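# Remarks on the overall topology
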Amino acid sequence: MSLSPDEFKNALSHFASGVTVVTYSDTSRSGGLTVSSFSSLSLDPPLVVFNLQKNISSHDPLLASGQFTINILSGEQQDLSNQFASGKIDKHELIQKLSCDLGHNGVPFLKGNLSRIECQLEKQVDGGDHTIVIGRVMYASSDDSKRPLLYYRRNYYNI
């Protein structure tokens, strides 16, 4: 029995997840992308993991930068998720337009996020059409007054 890509995607869409935007910066440009495949990996040392599609323009610059920030989006940030997921928007210009602040690692972070997790690239692992990115957490902060943005069955939900 073979599994079609649509059947696989549909089955996975039934797993509700939070929504993140991963931001990065190298010497000349900053960028970002929407990522829902984010998870904690280890407490000691503090590590997080996400999957990065290999055929997107952010793939090589993010890995080359060696550092990134995970912005866990709040319920009010659905528009940001859509903008950073779009292939038609220049993410460097978007970050400039948003007037992002710089974190301790020098990487821009999104204002109004639920949490921010600043990381150094720990390891990258081949994962088929994705690269599995492991980050060592260097700094983290959160806003307990906000509610999360969730993604479930190809739709956003605020709880």
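Fair warning: this is a prediction, and the values are worked out from it, not measured in the lab.

## Describing the packing of aromatic side chains
This model, assessed by the stated rule, comprises three aromatic pairs. Taken together, a centroid distance of 5.4 Å and an interplanar angle of 85 degrees make the contact between Phe-50 and Phe-68 edge-to-face. Here Phe-50 is found in strand S5 (residues 47–53), whereas its partner Phe-68 is found in strand S6 (residues 67–72), with 18 residues between them in sequence. In this structure Phe-50 comes out as buried when scored by relative accessible area, which is 0%. For Phe-68, a relative accessible area of 0% translates into the label buried. If you follow Arg-116 out to its NZ or CZ, it ends over the ring of Phe-109, 3.8 Å from the centre.

## With respect to the UniProt feature "domain: Flavin reductase like" (unreviewed entry) in the chain
Residues annotated by UniProt as "domain: Flavin reductase like" (unreviewed entry) correspond here to residues 12–158. Across residues 12–158, the secondary structure splits into 16% helix and 48% strand, with the terminal C-alpha atoms separated by 20 Å.

## Comments concerning a nonpolar patch on the surface
A cluster of nonpolar residues, Leu-3, Phe-8 and Leu-12, forms a patch on the protein surface that exposes about 320 Å² of accessible area. Along the chain, the position of Phe-8 falls in helix H1 (residues 5–12).

## Thoughts on the sheet that holds S5
The strand order S3-S2-S6-S9-S10-S5-S4 describes an open sheet built from seven strands, whose pairing is antiparallel. The open sheet has two edge strands with one neighbour each: strand S3 (30–35) and strand S4 (38–42). Here the average twist between neighbouring strands, direction ignored, is 35 degrees. The sheet contact formed by S6 and strand S9 (residues 115–127) spans six bridges and is antiparallel. Note on S9: the bridge partner recorded for Ile-70 is Ile-117.

## Quick notes on the pattern of salt bridges
According to the stated counting rule, one finds five salt bridges in the structure shown. Two residues, Lys-111 and Asp-101, come together in a salt bridge whose shortest N-O distance is 3.8 Å. A residue pair is termed long-range when its members are at least 10 positions apart, and Lys-111 in the loop between strand S8 (108–109) and S9 and Asp-101 in strand S7 (residues 101–102) qualify at 10 residues. A salt bridge links Arg-116 to Glu-118, with the shortest nitrogen-to-oxygen separation between them at 2.8 Å. Both residues of the pair, Arg-116 and Glu-118, belong to the buried class.

About the criteria used
Residues numbered from 1 in each chain as written. Predicted model: local features only at pLDDT ≥ 70, side-chain atom pairs only at ≥ 80, totals over all residues. Heavy atoms only, no water. Phe/Tyr/Trp six-rings, centres within 6.5 Å; stacked < 30°, edge-to-face > 60°. Helix = DSSP H or I, 4+ residues; strand = E, 2+ residues; numbered from the N terminus. Buried < 20%, exposed > 50% of the residue type's maximum accessible area, 1.4 Å probe, protein only. Lys NZ or Arg CZ within 6 Å of the ring centre and 35° of its normal. UniProt positions renumbered as here; feature names shortened; annotations may be inferred. Patch = residues over 30% accessible without salt bridge, like charges linked within 9 Å, V, L, I, M, F, W, Y side chains within 5 Å. Areas by Shrake-Rupley, 256 points an atom, 1.4 Å probe, with all protein chains shown as cover. Salt bridge = Lys/Arg side-chain N within 4 Å of Asp/Glu carboxyl O. Pairing = 2+ DSSP bridges. Axes fitted to C-alpha atoms, helices over the stretch in contact; angles between N-to-C directions.

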